[in-house]
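Remarks on the overall topology
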Amino acid sequence: MPEPVLPDPSTIAITDHGPVRLVAVNRPDKLNALNAATLDALLAAFDAAAADDGVRVVVLTGTGPKAFVAGADIAEMSGLTPVQGRDFSLRGQRLMRRIETLPKPVVAMVNGFALGGGLELAMSCHLRIAADSAKVGQPEVNLGLIPGFGGSQRLLRLAGRAATLELCLTGAPIDAPRALQLGIVNRVVPAAELEAETMQLAAKLAAAAPLALRGVLDCVNVGGECAIGEGLEYESAQFGLMFATDDMREGTAAFLERRKPDFKGR
Ligand code: COA
């Protein structure tokens, strides 16, 4: 059996705030650029968050005042061979898919630049809250590259063809209000309020019924990739499954008894 990859503290920082786990990419000197070690540390961190029942929500951010993540590490990429380039792309895509399919909500707290791999990382999260000072973009063409961590595909699904072609063909960053207008982020808040607003949302999600949240995430992930008939069938099966949970009994009873529900994730 291979040894598990342990998160490298020089690449990410993890802190728990009750049931909310805050994961921060921790290379502020390099504007949190994603090198291979950081991708591996993030993958291990999300595996650990998925396996830990005490974690109900993950918030992902970047350390420092300037950047969420300013992209894949250009210095590391510059010398890659085509085969290594493909492997680097697959490494990134594997992380993004792990986040997207995590069975608990992941909120991106976009505190600054989210460029290239940074926007791809944010788009793999389920919700995105951006500071009004944030800038997002897919600038790979400026380097003679294209998005390699799923950007061309996730942006297309999230915001459509026009926005994807605008961002990926021009490589020009857009500001947070425009990202909101295009549906790339869910909310924009003043930079000074970003952390409080995000943690408030995360706390709300953490108090919700975990299996119901998981059901929603599964339906959206599966339904986004299949014909509507199959998606609806999947939704009905998930809906039925909820009736097997203690939390569904608790949620409906609490409503009828006019009290707050206490969800246990069972
Ligand atoms: N990969 C590797 N290093 C990066 C990086 C990246 N994607 N983005 C920033 N850095 C590094 C810089 O090289 C610099 O390192 P140094 O101090 O050792 O020279 C440090 O982070 C600070 O960046 P700097 O460019 O000096 O900051 P700035 O405020 O002048 O500019 C940006 C900020 C985001 C506009 C600029 O850093 C940038 O364009 N980054 C690349 C964005 C990109 O193309 N991402 C997609 C990659 S596929």
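Just so you know, the residues in each chain are numbered from 1, in the order the chain's sequence is written. Residues qualify for local features only when their pLDDT is at least 70, as the model is predicted, and side-chain atom pairs are given and counted only at 80 or more; totals for whole chains, interfaces and linings, by contrast, use all residues. Side-chain numbers come from the whole structure's heavy atoms, not from hydrogens or water.

Concerning the pattern of salt bridges
What makes a salt bridge here is a side-chain nitrogen of Lys or Arg within 4 Å of a carboxyl oxygen of Asp or Glu, nothing more. Evaluated as defined, the whole model comprises 14 salt bridges. With a shortest N-O distance of 3.3 Å, Asp-52 and Arg-21 are connected by a salt bridge. Of this pair, Asp-52 sits in the loop between helix 1 (36-51) and strand 3 (57-62) while Arg-21 sits in strand 2 (residues 20-25), placing them 31 residues apart in sequence. A simple rule labels every residue: compare its accessible area, found with a 1.4 Å probe on the protein chains alone, to the largest value its type can have, and call it buried under 20%, exposed over 50%, or partly exposed in between. Asp-52 gets classed as partly exposed once you look at its relative accessible area, which sits at 31%. Its relative accessible area of 10% is what places Arg-21 among the buried residues. Glu-257 is the partner of Arg-259 in a salt bridge, and the nearest nitrogen-oxygen pair spans 2.7 Å. Since its relative accessible area comes to 36%, Arg-259 is described here as partly exposed. Overlapping salt bridges bring together Asp-16, Arg-21 and Asp-52 as one network. Runs of H or I in DSSP of at least four residues are treated as helices and runs of E of at least two as strands, each being numbered from the N terminus.

What about the side chain of Asn-111?
Within the fold, Asn-111 resides in the loop between strand 5 (106-110) and strand 6 (113-115). The class for Asn-111 is buried, based on a relative accessible area of 12%. Polar contact is the term for a pair of N or O atoms within 3.5 Å; when the atoms are in protein, one must be able to donate a hydrogen and the other to accept it, and sequence-neighboring residues count only if both atoms are side-chain atoms. There is a polar contact of 3.1 Å between the side chain of Asn-111 and the backbone oxygen of Gly-64. Within polar-contact distance, the side chain of Asn-111 engages the backbone oxygen of Ala-67 at 3.2 Å. In what follows, a contact means two residues having at least one pair of non-hydrogen atoms within 4.5 Å. What Asn-111 contacts, discounting residues up to four positions off in sequence, is Thr-61, Gly-62, Gly-64, Pro-65, Lys-66, Ala-67, Phe-68, Ala-131 and Leu-194.

Nothing here speaks to function; it is all geometry.
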